[in-house]
Amino acid sequence: MYGDELEKKRYSSIEEIPGVTPSIAEKLRELGFNTVESLAMATIRELEQAGISDKKAFEIINAARSSVTLSFIRADELLERRQNVLRLTTGSKKLDELLGGGLETQTITEFYGEYGSGKSQIAHQACVNVQLPPEKGGLGGGALYIDTENTFRPERIVQMARFRGLDPQKVVRNIIWAEAYTSDHQMFLLENADKVIKENNIRLIVVDSLTAHFRSEYIGRENLALRQQKLNQHMHKLIRLARAFNAVALVTNQVMSSPEVFLSETIRPIGGHIVAHTSHTRVFLRKGARGPIRIARLVSSPYLPEGECLFKITENGIEDVTEEDRGEWG
Ligand code: GTP
Ligand code: MG
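Residues numbered from 1 in each chain as written. Chains lettered and ligands numbered in written order. Predicted model: local features only at pLDDT ≥ 70, side-chain atom pairs only at ≥ 80, totals over all residues. Heavy atoms only, no water.

## A closer look at the nonpolar core
One recurring pattern in soluble globular proteins is that nonpolar side chains are buried together. Put simply, the test is: As used in this record, nonpolar core signifies buried Ala, Val, Leu, Ile, Met, Phe, Trp, Tyr and Cys residues forming a set joined through side-chain atoms within 4.5 Å. Type-normalised accessible area, obtained with a 1.4 Å probe on protein chains alone, sets the label of each residue: buried when under 20%, exposed when over 50%, and partly exposed for intermediate values. Each helix corresponds to a stretch of at least 4 residues labelled H or I by DSSP, and each strand to a stretch of at least 2 residues labelled E; elements are numbered beginning at the N terminus. Throughout, a residue-residue contact means that at least one pair of heavy atoms, one from each residue, lies within 4.5 Å.
Core analysis: the largest hydrophobic core is formed by 35 residues, its most contacted members being Leu204 and Leu250. Among the elements that take part in this core, helix α7 (residues 119-129) stands out by supplying 5 residues, more than any other. Ignoring any residue separated from it by four or fewer positions in sequence, one finds Leu250 in contact with Leu103, Thr109, Phe111, Ile122, Ala123, Ala126, Leu204, Ile205, Val206 and Val207. Grouped together as the second largest cluster of nonpolar side chains are 27 residues, Leu144, Ile146, Ile202 and Val275 included.

Laid out in structure tokens, this is it:
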């Protein structure tokens with residue numbers, strides 16, 4: 001099945017897909033499949049929960065896939081898809097360079113570090129920057145902020161928007177905020193996000209923090225496997241949304257503070273192998289000796305070398321460090 005051999009049928013709503021009756025459509029919507037894009041990325045097992053057979057689920061997924069052109073593709077087409085990957089500026093040129101040009105669409109970028117290291121500030125800044133036009137490093141779209149610790153501050157967005165010369169009222173209108181009360185609720189929000197993403201031209205999905213609920217709810221070794229399974233499911237949903245909508249996925253993560261960490265003098269992010277392998281790009285943030293300066297270290301990336309850079313957090317938001325700053329804080 002090569003793309004060009006398929007008879008191209010484009011469906012603009014899930015009801016148009018053959019076999020999706022109104023009652024099936026209703027059940028699919030309850031499961032969070034509101035768009036053809038999300039159905040194209042669904043698994044048969046997920047659709048079975050709508051009370052349909054394997055065979056039917058398979059047919060629906062295939063129809064959705066052909067509609068959004070996801071099947072075997074040649075490497076030249078893959079190259080073209082990769083060329084569709086866009087970059088979103090962080091606000092700091094140095095940090096953008098470290099990331100190979102900014103935050104990448106279609107993949108997950110994880111920022112981890114201790115409290116106050118700047119994870120949420122970077123997420124806030126990205127919510128503003130995504131609204132900039134492409135020539136200014138934005139994606140001309142909105143942001144979705146899934147907030148697990150009630151850290152989102154619209155006042156801070158207003159401050160950052162003013163500095164970028166954007167209308168603060170418009171900027172706050174283009175950010176959709178959702179507070180997640182538990183890890184299940186957090187998963188539920190993302191599983192039901194496709195409609196909101198599509199309708200609001202969302203090009204940035206933030207989960208701040210990815211791991212906090214999981215960490216506090218699944219305590220003890222006996223719950224570790226289940227926690228990892230849930231985290232895996234959650235992150236895969238995030239990747240699928242980022243791909244379907246060519247959006248940036250930005251997650252934050254805390255670091256472990258166990259005696260073992262102290263002994264080995266290495267700081268490790270939460271979430272173990274699952275989070276490590278599913279985050280395409282991981283950035284470790286730490287505070288400078290004092291003042292607004294932060295150090296970002298690119299810890300893992302599919303194709304970029306490890307490296308470090310400085311940035312600072314000011315009234316204006318995320319900015320580059322100047323020579324004067326170095327003199328004052330260095
Ligand atoms: P946790 O979520 O607690 O793990 O920390 P975090 O890594 O998310 O830290 P966050 O991004 O919230 O960084 C907080 C730091 O940003 C503060 O300690 C301040 O240094 C700085 N900051 C936050 N808001 C402002 C502001 O309005 N003005 C200035 N100048 N700095 C700010
Ligand atoms: Mg935070």
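Next, the rest of the story.
## A short note on the packing of aromatic side chains
Convention followed: Each Phe, Tyr or Trp ring (for Trp, its six-membered ring) is paired with any other whose centre lies within 6.5 Å, and the angle between the two planes then decides the class: stacked below 30 degrees, edge-to-face above 60, tilted in between.
Per the stated rule, a full pass over the model turns up 3 aromatic pairs. Taking the centre distance of 5.2 Å and the plane angle of 20 degrees together, the rings of Tyr112 and Phe284 count as stacked. One end of the pair, Tyr112, is in strand β3 (residues 108-113); the other, Phe284, is in strand β8 (residues 281-287), with 172 residues separating them in the sequence. You'll find Tyr112 and Phe284 in the same group, each marked buried.

## Focus on the pairing of strand β9 (residues 293-300)
This is how the line gets drawn: Pairing between two strands is assigned when DSSP locates at least 2 bridges connecting them.
In terms of strand pairing, β8 meets β9 through 6 bridges, oriented antiparallel. Across the sheet, the residue bridging to Arg282 is Ser300, located in β9. The antiparallel pairing of β8 with β9 creates a hairpin that spans 5 residues between the two strands, and Gly291 there sits at a positive phi of about 80 degrees. Note that β9 and strand β10 (residues 307-314) share 6 bridges and pair antiparallel. Bridge pairing in β10 links Ile293 to Lys312. A loop of 6 residues connects β9 with β10, the two strands running antiparallel in sequence.

## Some thoughts on unusual backbone geometry
Between Asp208 and Ser209 the backbone carries a cis peptide bond, its omega angle lying at 0 degrees. Within the secondary structure, Ser209 sits in the loop between β6 (202-208) and α12 (212-217). At Asn150, a residue that is not glycine, the phi angle is positive and equals roughly 55 degrees. Among the secondary structure elements, Asn150 is positioned in the loop between β4 (142-147) and α8 (154-163). A residue is classified by how much of its surface remains accessible, and Asn150, at 38% relative accessible area, is partly exposed. Positive phi values are uncommon outside glycine, yet Asn246 reaches one of about 45 degrees. With respect to the helices and strands, the residue Asn246 is situated in the loop between α13 (224-244) and β7 (248-253). Using a relative accessible area of 15% as the deciding quantity, one classes Asn246 as buried.

Taken by themselves, the reported measurements are silent on function.
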